[in-house]
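Chain residues, written in single-letter form:
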Amino acid sequence: MITIANGTVLYGQDLVAKKSNILIDDGKIIEISDTVNEGEIIDATDCIVCPSFLNAHTHIGDSIVKDIGDGKSIEEIVKPPNGLKHLALSNSSDDEIINGMTQSMWDMLETGTTHFIDYREGGLSGVKLLKEASKNIPITPIILGRDDSFYGEDPDLQNVKIAIKKLLKVCDGIAPSGFGEISDEVAILIVSECEKKNKISSIHVGEYESLQIDSLNKTGKTEIQRAVDCGFNQLIHCVSPMKDDLDLIVKNNKNVVLSPRSNGTFSLGIPPLLDFLKKGIKPLIGTDNIMINSPNIFRELEYTLKAMRAYYKTFVDPVEILKMATTNITVDTSINDSSNTSVNDSSNTSVNVTVDASINTSINTSINTSKNINTKTSKSINANKKGDFGIIKSYSIEEKINKSIIEEGHFAELFISKKLSKNPYLSLINRTEKNDIKYLINKNEILEYN
């Protein structure tokens, strides 16, 4: 049992800032009040307690080729299967790729990220490499696979279907690169097989205007329209929406992930965030390829806030920017009954979870304060780790990611950072560096940063 005391807590779906204490027991938030003060005490005086981050778009495999190809076109660098990135990956050993991914996951943990969605190249072997790299690291990867059989103008659909089925046995969904590399027939097959297994389908669309125009000329539809028509759950980038694209996203309740630093790096433009918000779309945010960006969400948030204010020439609320990495993905996963319901879990991640409302385990309440993040170790605060659990109400991206907010009954997924200005939102977005984070908690794991 742990109490986080005297912190400025960013509470609930709207990240309301209030000074309070938080009691955590068995990896869950039991009470938030001014008076609770039980168990081990973490002093959060002059600190902000913030929900941990979801990095909703990474390509962690290219950690081994940081900053290559700068100045070349996006197609030369990342278009499969012959982009610089893909050639570098094919010429690297498994150990090199695993070591690079491991370092990037610790980089994420050091900067407040406990969950990330990875767009995993390399088919089955690529998925297995990330699973191997993430062993014994207190971070939650959501792995979306892809396979080279998807590509080309006339792919063998039977081979594609076989590849999809094999991938869905070991990962959390499928995420092809984009319509420039796959046909609508392959896209529909991907979505259909993901729906059968209740898993995520995601695709990169509308990343720049010429892709949208080419798609219109070829099919009569924009890439975003095609993605919606095919039934993809999650749309990446959407920098250049056209026609009725945004209305289609709203009408069909599609999840959108923005990666503004990546778009800037490739000179592709700025995603129209305020237009999304005016339509009621709540985007997520991700750092995209680690070869071109660090996986530091703080840097993504600051870039996004200031780029959007410059682009729109108006005030953009920093709370809306912070929500993109925190509460825009969350739903109420409180456990308030005693039923146990099994949900198919072939991936061993938080995307498909087991509901267990009657877990009673002993807890090691002592915190070893000598633990240091630089030693790449963590302290377990739950002696019986049965995996993630929560009430699954219906199929949606939010519920499959199962990311928590700071409310009673939710998982403890948060970090504690020094408060560097009076405005807690700008303190985080504008000023926080990894050395300012004191603690990070991901359900049953607590890391102390020195």
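Report on the accompanying structure. (Residues numbered from 1 in each chain as written. Predicted model: local features only at pLDDT ≥ 70, side-chain atom pairs only at ≥ 80, totals over all residues. Heavy atoms only, no water.)

**Here we look at the overall build of the protein**
Where we set the bar: Each helix is a run of H or I in the DSSP string that is no shorter than four residues. Each strand is a run of E no shorter than two, and both are numbered from the N terminus. Per-residue accessibility, obtained with a 1.4 Å probe over protein chains only, is compared with the maximum for each type, and a residue is labelled buried under 20%, exposed over 50%, and partly exposed between these values. Whether two residues are in contact is decided by their heavy atoms: any pair within 4.5 Å suffices. Here the open area of atoms and residues is found with the Shrake-Rupley method and a 1.4 Å probe, where only the protein chains shown may cover a residue.
Scanning the protein for helices and strands turns up 15 helices and 20 strands. Considering the protein as a whole, with its 450 residues, one finds that 58% of them fall into the buried category. For the protein, restricting intrachain contacts to residue pairs at least 6 apart in sequence, the fraction spanning at least 24 positions comes to 73%. About 17,800 Å² of surface is accessible on the protein, with carbon and sulfur atoms providing 45% of the total.

**Considerations on the environment of A5**
Looking at the secondary structure, you find A5 in strand β1 (residues 2–11). Sequence-wise, A5 and I41 are 36 residues apart; in three dimensions their C-alpha atoms are separated by 6.8 Å. For A5, the residues in contact, after removing those within four places along its chain, are S20, N21, I41, I42, D43, A44 and T45.

**Observations concerning the nonpolar core**
The tendency in soluble globular proteins is for nonpolar side chains to be buried side by side. Note the cut-off: Only buried residues count toward a nonpolar core. Its members are Ala, Val, Leu, Ile, Met, Phe, Trp, Tyr and Cys residues joined through side-chain atoms within 4.5 Å.
Ranked by size, the top nonpolar core spans 78 residues in total, and within it M105, F150, F232, L235 and L322 carry the most contacts. No other element matches helix α3 (residues 94–110), which puts 7 residues into this core. Once residues lying within four places of it in the same chain are set aside, the contact partners of L322 are L10, L15, C50, F53, L301, Y425, L428 and I429. Among the nonpolar cores identified, the runner-up in size contains 18 residues, and I32, I406, L414 and I446 belong to it.

**Some thoughts on the sheet that holds strand β11 (residues 234–237)**
Selection criterion: What makes two strands pair is DSSP finding at least two bridges between them. Under this scheme, a helix contributes an axis fitted over its contacting stretch, all axes are lines through C-alpha atoms, and angles between N-to-C directions fall in the 0 to 180 degree range.
Spatial ordering of the open sheet is given by β13-β12-β11-β10-β9-β8-β7-β6-β14, a layout of 9 strands whose pairing is parallel. For this open sheet the edge positions go to β13 (284–285) and β14 (288–289), each flanked by a neighbour on one side alone. Here β11 runs beside strand β12 (residues 255–258); their pairing, made up of 3 bridges, is parallel. What sits directly across from I236, in β12, is V257. Relative to the sheet, helix α12 (residues 297–312) contacts β6 (53–59), β7 (113–120) and β13, its axis offset from that of β6 by approximately 90 degrees.

**With respect to the environment of D156**
Using the following cut-off: Each polar contact in these results corresponds to two N or O atoms within 3.5 Å; when the atoms are within protein, one needs to be able to donate a hydrogen and the other to accept it, and residues that are neighboring in sequence are counted only if both atoms are side-chain atoms.
As for its position among the elements, D156 is in the loop between β8 (140–145) and α5 (157–168). On a C-alpha basis, the gap between D156 and V186 in space is 9.3 Å, while along the polypeptide they are 30 residues apart. Here Q158 takes part through its backbone nitrogen, which lies 3.0 Å from a polar atom of the side chain of D156.

**With respect to the pattern of salt bridges**
What counts here: Salt-bridge detection follows one rule: a side-chain nitrogen of Lys or Arg within 4 Å of a carboxyl oxygen of Asp or Glu.
Summed over all chains, the structure comprises 18 salt bridges. In this structure, K323 and D14 form a salt bridge, with 3.5 Å as the shortest nitrogen-oxygen distance. Within this pair, whereas K323 is found in helix α13 (residues 318–323), its partner D14 is found in the loop between β1 and β2 (16–25), the two being separated by 309 residues in sequence. Taking relative accessible area as the criterion, K323 reaches 11% and is therefore assigned buried. Close ionic contact of D229 with K221 constitutes a salt bridge, the shortest N to O distance being 2.7 Å. Linked through salt bridges whose partners overlap, the residues forming this network are D62, K85, D118, R120, E121 and R146.

**Thoughts on the pairing of strand β20 (residues 445–448)**
What you see with β20 is no split at all: E445 and L447 on one side and I446 and E448 on the other are buried throughout. The pairing of strand β19 (residues 437–442) with β20 spans 4 bridges and is antiparallel. Residue Y439 lies in a different strand from β20, and its bridge partner there is E448. Connecting β19 to the antiparallel partner β20 that follows it, the hairpin turn spans 2 residues, and K443 within it adopts a positive phi of roughly 55 degrees.

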